[in-house]
Amino acid sequence: MHVLLVEDHALLRRMLEQVLTDAGLRVTVAETADQAMTIFEGGLRPDLLLSDIRMPGQLSGLDLARWTRQRHPSLAILLQTGFADLDTGEFRVLRKPFAPDMLLAAVRESLAGCTPEPGDGAVVK
Amino acid sequence: MLLCVWLLPGLAPPARAGCYADLLGKDAPFAERIEHDPQAAIALIDAQLSAPARGTGRPSRAHLYAMRADALESIGNVDAARSAVEAGVQALTPADDALLRRRLRLTASLLLKEQGHLDRAMIEFGPDSAESLGDVPDLACVLYYRGSLRFRAGQNVGAAEDFMRAYQLARNLGRAEVRLLAGQMLARLYAKYDLYTDAHELADEAIGFYSASRGPLRLADAFFLRGDINLSQDDYVHAADDFLRARALLESAALPLEVVFAWQELCVTASRDTRRMDASAVCREAYERTRATDDPEGVKMMLGALGEIAFRGGHPAEAVGLWDRALGDDGVDFPPRMRWRFHRLRAQALTRIGDVAAAARDENYCLDALEADRSARSAEQLALLHVKFETSFKDEELARSRAEMQAAELTISRQAFIRNAVIGAAVLAVVTVLFATRMWSRRKLAVDARKAAEQQLAAVGRLTGGIAHDFNNLLSVMLQALWLLGRRASVAEDSVACDLVSQARRSSEICADITSQLLSFARQQNLVPEAVRLGACLADLRPLLERTVGSAAGLYIEVEEPEPVAWADPRQLSAALLNLVTNARDAMISGGKILIRVCNDSGRRVRLDVVDDGCGMASDILARAIEPFFTTKPVGRGSGLGLSMVDGFATQSGGALSVSSVLHRGTTVSLWLPAMVS
């Protein structure tokens, strides 16, 4: 399973990457939603987008999530934020701070709910 | 005035004599001579200095040296003027008054600054000199001067405080030039700390003022300022607009060097938003023009911008080459934020071309630098906001005392009128007018004060929200790191290490709870409301509440029939109740009774009362009880956030909170929440 992790806080990005890798997931990181979009446009097809919401740059995590859902409806999306006012109910949102157990449970549930695109060979655990 | 002449070129003509006549009244003849014929004045002063015997009533040696410095400075001999000041400081005796002492230090500081010795100028000026020079009519100028010294030395908070005070003072004195100069510096600092609304307000004010007059250079400067603010907000369209207008003004004024600055700013803007302008043409032009001037820092910035364009255009290798040249360590100063930006981008470009080791070096550089910057910035931003409140309150007091003064003047003129025109109707009319004016101004003052308090509260809320958000990120880091640590074999096998990890995790979780309380007082709490049956909820909470109260007081719970059902977040409601009960317990000095009463209020709301018969509050304490960080508990016992947190929860849930209290009799806190509509 392949996760695209978008987080602007450098330390947290590094930690989350390690936790996800430890849990046996393949991880690609991006610092901003803008950068993540470039990565998508470059052809990367992860199984899950795990993104912070408020980040520097032109796009917020929410914009990115909406854009991704339109382009790749089968991709699982999980957002995380330290602010309370950003939960619009469109996506599952994790509240910071969260323990890794919570994160991994949410990641697993999100991945279980996603349907693989025909022919892309992803296996649902 | 001297200060203003130095600081603000192009202002009113110098009036040195006037300035010093105030300070050294008895030396007025010297002062006049210094202005009209400095050479003759120096000769006269030298003759006085070399005279061995001195009678009373003549200027002291320190006085003479101060005047000599002034005369030398006025003929442009800065070095000799400084020696004179130093001699003056040496010659000071206890008989010299404090004002002379301060004047010498101030002159020394100005001269040092003139010679480019910024650090020494600061030291000479001293931290408190501005205040001690308060009797000089140019305090606003002095403050502006010290602000610019501090700004250049990187003491941003101190600089901001000076600029704020200079701005307000100049505004109150009606001195537009000083006000606008201080305002523009302040705008730069606000933008640096992301306080964009304030920054824009000040920049727009400057643009408005300079549009009317004062020549193209000042106006172009104001456009540069607003452009920079827009740029730091990533608003490239408006930034480019501002820089284009600055460039047009400077071109029409035939200021070639300044035109190059405008090209540079346009280049930086274009390199970040390659879609809108012909970025490479703009940047190449800016680069060539910069190279033609003696500006190594500018050249490096242009190289960096060209690198950004190459990178966005899909040429990472070329970009890396340009950034290598821009970031090369050759002693040329570079704005740190730009430096990080280019390091970060270079890391990305290096990753693209497969040089992972070099990318990691850049990434690590940015990580360290940005972490250090971020923590320093939050602390400085907090300090800046604090200064802003303090200053704005001082200003309000000043405005109030001026209003009172005007009211008093009004009264006096009315009385004169009454004496002169002895007509009953006029008396009546005047009294009516006076009464109405008084009433009106009193009401206006009360409204202003309340508005200021609300604004302060809202700003503290925003600030707290921001800090809590930073904490949430950092706590997440700690929780992930501890989890990873706990999974390592060497830790898992070591029971002591395991215990330490779990203790650290436990305290991180407590921190997370505190952060969430902060957010709730900042009214940014994430609430998940649901139907809460209050009787059942209180029954669940009872053991915890009883433990909190302890054996000293009795806890009673009364629930009305039918059982009230609230629409609220159950976790936050429990936390709020626990807070109220803790407060009630702390109000009990020698035992008593705490009653929690729940009832249906009008069918659309439910009310929870927490009633105690403890020590109660006097009216002045009661008035501040909900205020954040206000507490009467001993240090370490209460954060002062309890009631304001409950208030935040109530407001955000669509309810309300009210506190009533009688000293020595007890307190009742009522919490209203929306009722569940079946």
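Let me sum up the structure you'll find in this document. This is a predicted model, so every value here is computed, not measured.

### As for the pattern of salt bridges
Part 1 of the argument: One pass over the full model with this rule turns up 25 salt bridges over all chains.
Part 2 of the argument: Linked through salt bridges whose partners overlap, the residues forming this network are B:Arg597, B:Asp601, B:Arg607 and B:Asp609.

### Points about the interface of chain A and chain B
Part 1 of the argument: In this complex, chain A contributes 28 residues to the contact, which on the side of chain B involves 28 residues.
Part 2 of the argument: Applying the counting rule to chain A against chain B returns three salt bridges.
Part 3 of the argument: In this structure, the salt-bridge partner of A:Asp22 is B:Arg487, at a minimum N-O distance of 3.4 Å.
Part 4 of the argument: One can count seven residue pairs in polar contact (both at pLDDT 80 or more) joining chain A with chain B.
Part 5 of the argument: Counting only elements with at least two residues in the side of chain A that touches chain B, the list comes to α1 (10-22) and α4 (100-113) of chain A.
Part 6 of the argument: In terms of residue count, the dominant contributor to the side of chain A that touches chain B is α1(A) (10 residues).
Part 7 of the argument: Looking at side-chain class alone, the side of chain A that touches chain B contains 14 nonpolar, six polar and eight charged residues.

### Overview of helix α15 (residues 236-252) of chain B
Part 1 of the argument: A rise of 1.5 Å per residue sets the reference length of α15(B), with its 17 residues, at 24 Å; its end C-alpha atoms lie 24 Å apart and thus fit the reference within 8%.
Part 2 of the argument: Following α15(B) by one or two positions, B:Ala254 adopts a phi angle in the positive range, close to 55 degrees.

### With respect to unusual backbone geometry
Part 1 of the argument: Of the consecutive residues A:Lys96 and A:Pro97, the connecting peptide bond is found in the cis state with omega at -5 degrees.
Part 2 of the argument: Within the element layout of this structure, A:Pro97 appears in the loop between β5 (92-95) and α4.
Part 3 of the argument: A cis geometry characterises the amide bond from B:Glu561 onward to B:Pro562, with omega recorded as -10 degrees.
Part 4 of the argument: Within the fold, B:Pro562 resides in the loop between β2 (553-559) and β3 (565-568).

### Concerning the sheet that holds strand β1 (residues 2-6) of chain A
Neighbouring strands of a sheet are bound in pairs by backbone hydrogen bonds; such pairs are parallel or else antiparallel.
All names here are of chain A.
Part 1 of the argument: Read from one edge to the other, the open sheet built from five strands follows the order β2-β1-β3-β4-β5, with strand pairing classed as parallel. Two strands bound the open sheet, and with one partner strand each, they are β2 (26-30) and β5. Direction aside, neighbouring strands of the sheet carry axes that sit 20 degrees apart on average.
Part 2 of the argument: Bridging between β1 and β2 involves five bridges; their strand directions are parallel. For His2, the partnering residue across the bridge sits in β2 and is Arg26.
Part 3 of the argument: Across the sheet, α1 lies against β1, β2, β3 (48-52) and β4 (76-81), angled at about 165 degrees from β2, the strand it touches most.

### Re the pairing of β4(A)
Regular strands place side chains that alternate from one sheet face to the opposite one.
Residue and element names in this part refer to chain A.
Part 1 of the argument: Counting buried residues along β4, six of its six residues qualify, which places the element largely inside the surrounding structure.
Part 2 of the argument: The sheet contact formed by β3 and β4 spans five bridges and is parallel. Bridging across to β4, Leu48 finds its partner in Ala76.
Part 3 of the argument: You can see the chain leave β3, run along helix α3 (residues 61-71) and come back into β4, and the turn it takes is right-handed.
Part 4 of the argument: Pairing of β4 with β5, which is carried by four bridges, proceeds in the parallel orientation. The partner of Thr81 across the bridge, within β5, is Arg95.

### Overview of the nonpolar core
Residues and elements named next belong to chain B.
Part 1 of the argument: Counting 78 residues, the largest nonpolar core has Phe163, Tyr190, Tyr210 and Ile229 as the members making the most contacts within it.
Part 2 of the argument: The element best represented in this core is helix α12 (residues 176-192), accounting for 10 residues.
Part 3 of the argument: The contacts of Phe163, once residues within four sequence positions are left out, are Tyr144, Gly147, Ser148, Phe151, Ala182, Met185, Leu186 and Leu189.
Part 4 of the argument: Judged by nonpolar contacts, the second largest core, of 37 residues, contains Leu538, Ala568, Ile596 and Ala650.

So, how was this worked out
- Residues numbered from 1 in each chain as written.
- Chains lettered and ligands numbered in written order.
- Predicted model: local features only at pLDDT ≥ 70, side-chain atom pairs only at ≥ 80, totals over all residues.
- Heavy atoms only, no water.
- Salt bridge = Lys/Arg side-chain N within 4 Å of Asp/Glu carboxyl O.
- Contact = heavy atoms within 4.5 Å.
- Polar contact = N/O pair within 3.5 Å; in protein donor to acceptor, adjacent residues only side chain to side chain.
- Helix = DSSP H or I, 4+ residues; strand = E, 2+ residues; numbered from the N terminus.
- Nonpolar A, V, L, I, M, F, W, Y, C, P; charged D, E, K, R; others polar.
- Expected span 1.5 Å × (residues − 1).
- Pairing = 2+ DSSP bridges.
- Axes fitted to C-alpha atoms, helices over the stretch in contact; angles between N-to-C directions.
- Buried < 20%, exposed > 50% of the residue type's maximum accessible area, 1.4 Å probe, protein only.
- Right-handed = clockwise from strand over helix to strand, strands pointing away.
- Core = buried A, V, L, I, M, F, W, Y, C linked by side-chain atoms within 4.5 Å.

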